[in-house]
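Per-entry structural report
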Amino acid sequence: NHRICYLSLDLPEVMLQEKVRKAFPEAPKDFFWMTSGPINILETEEKAKWVQDVLGFAPDVIVTDTLRKCHPLDENDSGTPRAVYGAFRRLFGARTLIFLHHDGKNRNFEVPDDERIRGSSAWAQDADLGIYVKSRENGFGKLVQVSIPRFRFSEYAEGALLQMSRGDMILREAKNG
């Protein structure tokens, strides 16, 4: 089992509690979550209480939701991703870091998935792995298509079609595409 820390910087605590309760009816011991408003990771010191809480939990994985709420910089500046990713590495070391981010407002589906990221393309280029998620309803629940347009350690990584059941956040392999 891996210990997971979920940093919610955008969702009110009440809403996050409800989502966590639906996904995990019994509180898992290997899952820690916290909510706050936006933070500035670039000016955050290791002695900050929330950082100490995260480090005290000793997670293997830290999920930050959403990327745009963890820094005040221009997301279109190609130097911003390096600074933001570097600040997280400075505080949390070699843990696996996952950042949830939005795509741009361009809804042209002819644009490749790796070019849909909001802001500078350096967000994807400076990451080890980029996963692009699209969703739609199909009558049985929400279908989620996952593609992997950025994988630093391989030329090819296959995507998947997953189904999110109504009422929870659990994704399973889609039976009805």
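First things first, this report covers the structure right here in the doc.

What follows deals with helix H1 (residues 13-23). Of the positions making up H1, those classed as buried are Leu16, Val20 and Ala23. The arc that holds the buried residues of H1, viewed along the axis, is 65°, so those residues lie on one side. Buried-residue contacts for H1 involve strand S1 (4-8) and strand S2 (31-35).

This part covers the environment of Ile39. Its location among the elements puts Ile39 in the loop between S2 and helix H2 (49-57). The exposure class assigned to Ile39 is buried, which follows from its relative accessible area of 17%. Through-space distance from the C-alpha of Ile39 to that of Arg68 is 9.7 Å; in sequence the pair is 29 residues apart. Ignoring any residue separated from it by four or fewer positions in sequence, one finds Ile39 in contact with Leu9, Trp50, Lys69, Cys70 and His71.

With respect to the secondary-structure elements, Ser8 resides in strand S1. Given a relative accessible area of 0%, Ser8 falls into the buried group.

A cluster of nonpolar side chains, contributed by Leu129, Ile131 and Val133, occupies part of the molecular surface with about 270 Å² of accessible area. Residue position: Val133 is located in strand S5 (residues 129-137). Judged by its relative accessible area of 48%, Val133 is partly exposed.

Strands sit in the order S2-S1-S3-S4 across an open sheet of 4 strands; the sheet is parallel. At either end of the open sheet lies a strand with only one pairing partner, and these are S2 and strand S4 (96-100). Looking at each pair of strands side by side, their axes are set apart by 15° on average, direction ignored. Sheet topology note: the S1/S2 ladder contains 5 bridges and is parallel. When the sheet's bridge partners are listed, Ser8 is paired in S2 with Thr35. Sheet strands touched by H1: S1 and S2. Its angle to S2, the strand with the most contacts, is close to 160°. Against the sheet, H2 contacts S1, S2 and strand S3 (61-65), and its axis sits at roughly 170° relative to S2.

Evaluation of the coordinates by the stated rule reveals 6 aromatic pairs. Geometrically, the ring pair formed by Trp50 and Phe92 is tilted, given 6.0 Å between the ring centres and 50° between the ring planes. Taken as a pair, Trp50 in helix H2 and Phe92 in helix H3 (residues 80-92) lie far apart in primary sequence, 42 residues in all. When sorted by exposure, Trp50 lands in the same class as Phe92, which is buried. With centroids separated by 5.2 Å and ring planes inclined at 35°, the aromatic side chains of Tyr85 and Phe99 adopt a geometry described as tilted. One end of the pair, Tyr85, is in helix H3; the other, Phe99, is in strand S4, with 14 residues separating them in the sequence. With relative accessibility at 18%, the residue Phe99 sits in the buried group. Here a set of aromatic residues connected by ring pairs shows up, and it is made of Trp50, Tyr85, Phe88, Phe92, Phe99 and Trp123. Directly above the ring of Phe57 sits Arg3, whose terminal nitrogen or CZ lies 3.9 Å from the centroid.

Criteria and thresholds
Residues numbered from 1 in each chain as written. Predicted model: local features only at pLDDT ≥ 70, side-chain atom pairs only at ≥ 80, totals over all residues. Heavy atoms only, no water. Buried < 20%, exposed > 50% of the residue type's maximum accessible area, 1.4 Å probe, protein only. Helix = DSSP H or I, 4+ residues; strand = E, 2+ residues; numbered from the N terminus. Arc of directions from axis to C-beta. Contact = heavy atoms within 4.5 Å. Patch = residues over 30% accessible without salt bridge, like charges linked within 9 Å, V, L, I, M, F, W, Y side chains within 5 Å. Areas by Shrake-Rupley, 256 points an atom, 1.4 Å probe, with all protein chains shown as cover. Salt bridge = Lys/Arg side-chain N within 4 Å of Asp/Glu carboxyl O. Pairing = 2+ DSSP bridges. Axes fitted to C-alpha atoms, helices over the stretch in contact; angles between N-to-C directions. Phe/Tyr/Trp six-rings, centres within 6.5 Å; stacked < 30°, edge-to-face > 60°. Lys NZ or Arg CZ within 6 Å of the ring centre and 35° of its normal.

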